[in-house]
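So the chains spell out like this:
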Amino acid sequence: MNVPLTLAPLLVYNLVIAGLIGAAPGDPWVEPVFTVTMVSDARFTLLLGDMLILGALVCLFVEIVKATRTSSPTIVDHALSLGVFVIHLVEFLTVAAAATSVFFILTAIALIDVVGGFTITIRGARRDFGFDRGA
């Protein structure tokens, strides 16, 4: 069974807010990972929250590629992705530590995974069965 990769950022987020990873007091998502001085003398700072979002986007890319398959386990994968989105949504609405912009973006990524996955699978199935000959 394929586990949706969008579950990984959700687990990392929850481990960090539970204090099991890192021990920074306050909002851990604004902690700088590194700072680089650019050629223009501007300072670029990458935050921990930015790193988590980048990781979630990589997971989303892999999930979208997985959605191009038209095998029967794909439907189970989509159902599990929908479950991950529901967990994101419920946590965003009910857990105070999840009421951050980082978690909101992770929730939006989970939603895009669900909608994109179903859309790609339906389009591929229509093409495979010849229903979409005019498009």
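Residues numbered from 1 in each chain as written. Predicted model: local features only at pLDDT ≥ 70, side-chain atom pairs only at ≥ 80, totals over all residues. Heavy atoms only, no water.

## Examining the overall build of the protein chain
Part 1: For the protein chain, the count of helices and strands is four helices and two strands.
Part 2: Mapped from its N terminus to its C terminus, the protein chain presents α and β elements in the order α-β-β-α-α-α.
Part 3: Counting over 135 residues, the protein chain shows a buried share of 30%.
Part 4: Once local pairs closer than 6 in sequence are excluded, the contacts in the protein chain between residues at least 24 apart make up 59%.
Part 5: As displayed, the protein chain offers around 8300 Å² of accessible surface, 72% of which is attributable to carbon and sulfur atoms. (Helix = DSSP H or I, 4+ residues; strand = E, 2+ residues; numbered from the N terminus. Buried < 20%, exposed > 50% of the residue type's maximum accessible area, 1.4 Å probe, protein only. Contact = heavy atoms within 4.5 Å. Areas by Shrake-Rupley, 256 points an atom, 1.4 Å probe, with all protein chains shown as cover.)

## A short note on the confidence of the model for the protein chain
Part 1: Mean pLDDT over the protein chain works out to 87, with 87% of the residues at or above the 70 mark.
Part 2: Here helix H4 (residues 101-129) stands out as the element of the protein chain with the lowest mean pLDDT, 85, in contrast to strand S2 (residues 43-47), whose mean of 95 is the highest. (pLDDT = per-residue confidence, 0-100.)

## Focus: the packing of aromatic side chains
Part 1: The final tally for this structure, using the stated rule, is four aromatic pairs.
Part 2: For the pair Tyr13 and Phe103, a centre-to-centre distance of 4.8 Å together with 55 degrees between the ring planes defines the contact as tilted. Taken together, the positions of Tyr13 in helix H1 (residues 7-17) and Phe103 in helix H4 put the pair 90 residues apart, joining distant regions of the chain.
Part 3: The class of Phe103 is buried, set by a relative accessible area of 0%.
Part 4: Taken together, Tyr13, Trp29 and Phe103 form an aromatic cluster joined through their ring pairs. (Phe/Tyr/Trp six-rings, centres within 6.5 Å; stacked < 30°, edge-to-face > 60°.)

## Some details on helix H3 (residues 73-94)
Part 1: Taking 1.5 Å as the rise per residue, H3 with 22 residues should run 32 Å; its terminal C-alpha atoms sit 32 Å apart, in good agreement.
Part 2: Burial in H3 covers these residues: Thr74, Asp77, His78, Ser81, Val84, Phe85, His88 and Glu91. The arc enclosing the buried residues of H3, seen along the axis, measures out at 145 degrees, which places them on a common side. Among the exposed residues of H3, those oriented more than 90 degrees off its buried face are Ile75, Leu93 and Thr94. (Expected span 1.5 Å × (residues − 1). Arc of directions from axis to C-beta.)

## A look at the pairing of S2
Part 1: Alignment of strand S1 (residues 32-37) against S2, held across five bridges, turns out to be antiparallel. For Thr37, the partnering residue across the bridge sits in S2 and is Arg43.
Part 2: From the end of S1 to the start of S2, which pair antiparallel, there are five residues, and Asp41 there has a positive phi angle of about 70 degrees. (Pairing = 2+ DSSP bridges.)

## A word on the pattern of salt bridges
Part 1: Summed over the entire model, instances satisfying the criterion amount to two salt bridges.
Part 2: With a closest N to O distance of 2.8 Å, Lys66 and Glu63 form a salt bridge. Taken as a pair, Lys66 and Glu63 lie in helix H2 (residues 48-66) at a separation of three residues, close to a single helical turn.
Part 3: For Lys66, a relative accessible area of 17% translates into the label buried.
Part 4: What makes Glu63 buried here is its relative accessible area of 2%.
Part 5: Close ionic contact of Asp77 with Lys66 constitutes a salt bridge, the shortest N to O distance being 3.7 Å. With Asp77 in helix H3 and Lys66 in helix H2, the pair connects residues that are 11 residues apart, well separated along the chain. Comparing Asp77 with Lys66, the two get one shared label, buried. (Salt bridge = Lys/Arg side-chain N within 4 Å of Asp/Glu carboxyl O.)

## Some details on H1
The α-helix advances 3.6 residues per turn, and as a result positions three or four apart in sequence lie on the same side.
Part 1: Every buried residue belonging to H1 is among Pro9, Leu10, Tyr13 and Val16, and all of these are buried. For H1, the arc enclosing every buried residue in end-on projection is 130 degrees, short of the 170-degree limit, so these residues lie on one face.
Part 2: Immediately downstream of H1, the backbone of Gly19 shows phi near 85 degrees, a positive value.

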